[in-house]
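Geometric and topological summary
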Amino acid sequence: MGQCWNKLCGGETSDNEQSHPFEHSSGNVHLITTIQSWEEKMSEANDNEKIVVANFSAAWCGPCRTIAAAYCELADKYSSMIFVTVDVDELPEFSTSWDIKATPTFFFLKDGRQVDKLVGANKEELHRKTAAIAESTTSSK
């Protein structure tokens, strides 16, 4: 997990990952398809005091595909943060527990708690929020 298998991000793929229909991941974006993988990433983030950017997305969603490349770029730029993509079709109950009403929906989490949220494929706003949160965490250390 965590290997770039998104053609939009231009990385290599494993045989297992090639068959997955979801294409919104890069080298620093981790696809979440189980509760266990979510909990592992949250634990890693908490242990290392990292911010998590969670993208609740769907393979069939046009706006999700549109913003996927920008999300990959942000993940590569802000390597001090953990970027995850949750496939809402793979984890429907989990997505519902996060009150996902539209895709994409981005959550910014610190210590497992939401510090910000963005609904929709607004590239500029995603860049702005990510940069602001990255800046606030570096200035608070």
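Cut-offs used in this document
Residues numbered from 1 in each chain as written. Predicted model: local features only at pLDDT ≥ 70, side-chain atom pairs only at ≥ 80, totals over all residues. Heavy atoms only, no water. Helix = DSSP H or I, 4+ residues; strand = E, 2+ residues; numbered from the N terminus. Buried < 20%, exposed > 50% of the residue type's maximum accessible area, 1.4 Å probe, protein only. Contact = heavy atoms within 4.5 Å. Core = buried A, V, L, I, M, F, W, Y, C linked by side-chain atoms within 4.5 Å. Pairing = 2+ DSSP bridges. Axes fitted to C-alpha atoms, helices over the stretch in contact; angles between N-to-C directions. Right-handed = clockwise from strand over helix to strand, strands pointing away. Salt bridge = Lys/Arg side-chain N within 4 Å of Asp/Glu carboxyl O. Phe/Tyr/Trp six-rings, centres within 6.5 Å; stacked < 30°, edge-to-face > 60°.

Named according to an unreviewed UniProt entry, the chain is Thioredoxin H-type 9 originating from Actinidia rufa.

1. Digging into the overall build of the chain
A tally of helices and strands in the chain yields five helices and five strands. Starting at the N terminus, the α and β elements of the chain follow one another as α-β-α-β-α-β-α-β-β-α. Within the chain, buried positions represent 47% of all 141 residues. For the chain, the share of sequence-separated contacts (at least 6 apart) that also reach a separation of at least 24 residues comes to 65%.

2. Points about the nonpolar core
One broad rule of soluble globular proteins: the nonpolar side chains tend to lie buried together. Membership of the largest hydrophobic core comes to 19 residues, with the highest contact counts inside it found for W38, V52, A54, F56, V84 and V86. Put simply, the parts of the chain that give this core at least two residues each are α2 (35-47), β2 (52-57), β3 (82-87) and β4 (105-110). Not counting residues up to four positions away in its chain, the partners in contact with V52 are M42, A45, I82, V84, F107, F108 and L109. Counting residues in hydrophobic clusters, the runner-up holds 17 residues, among them I67, A70, F106 and F108.

3. A short note on the sheet that holds strand β5 (residues 113-119)
Read from one edge of the open sheet, five strands run β1-β3-β2-β4-β5, paired in mixed fashion. The open sheet is flanked by β1 (29-32) and β5, the only strands paired with a single partner. On average, adjacent strands in this sheet sit at an angle of 25° to one another, irrespective of strand direction. Bridging between β1 and β3 involves four bridges; their strand directions are parallel. Within the sheet, the bridge partner assigned to V29 lies in β3 and is F83. α2 contacts β1, β2, β3 and β4 of the sheet and is inclined by roughly 165° relative to β3. Set on the sheet, helix α3 (residues 62-77) makes contact with β1, β2, β3 and β4; between it and β3 the angle comes to about 155°.

4. Observations regarding the pairing of β3
Judged by how many residues are buried, β3 sits mostly within the fold: six of six residues are covered. Of the pairings in the sheet, the one linking β2 to β3 comprises six bridges and is parallel in character. Pairing of A54 across the sheet is with V84, part of β3. Note on the crossover from β2 through α3 to β3: the handedness is right-handed.

5. Brief notes about the pattern of salt bridges
Counted under the stated rule, the structure contains five salt bridges. K41 serves as the salt-bridge partner of E44, at 2.9 Å between the closest nitrogen and oxygen. Here K41 and E44 lie together in helix α2, a separation of three residues that amounts to about one turn. When its relative accessible area of 13% is taken as the criterion, K41 is described as buried. A salt bridge links K101 to D99; its shortest N-O distance comes to 2.7 Å. Where salt bridges share partners, they join D116, E125, R128 and K129 into one cluster.

6. A short note on the packing of aromatic side chains
We describe a pair of aromatic rings using the distance from one ring centre to the other and the angle between the two ring planes. This structure, assessed with the given rule, holds ten aromatic pairs. Taking 5.6 Å as the distance between ring centres and 65° as the angle between the ring planes, the aromatic pair formed by W38 and W98 counts as edge-to-face. Of this pair, W38 sits in helix α2 while W98 sits in the loop between α4 (92-97) and β4, and the two are 60 residues apart along the sequence. On the numbers, 5.5 Å between centres and 45° between planes, the contact of Y71 with F106 is tilted. In this pair, Y71 sits in helix α3 while F106 sits in strand β4, placing the two residues 35 residues apart along the sequence. Since its relative accessible area comes to 0%, Y71 is described here as buried. Take F106: its relative accessible area is 0%, and that puts it in the buried class. Taken together, W38, F56, F94, W98 and F107 form an aromatic cluster joined through their ring pairs.

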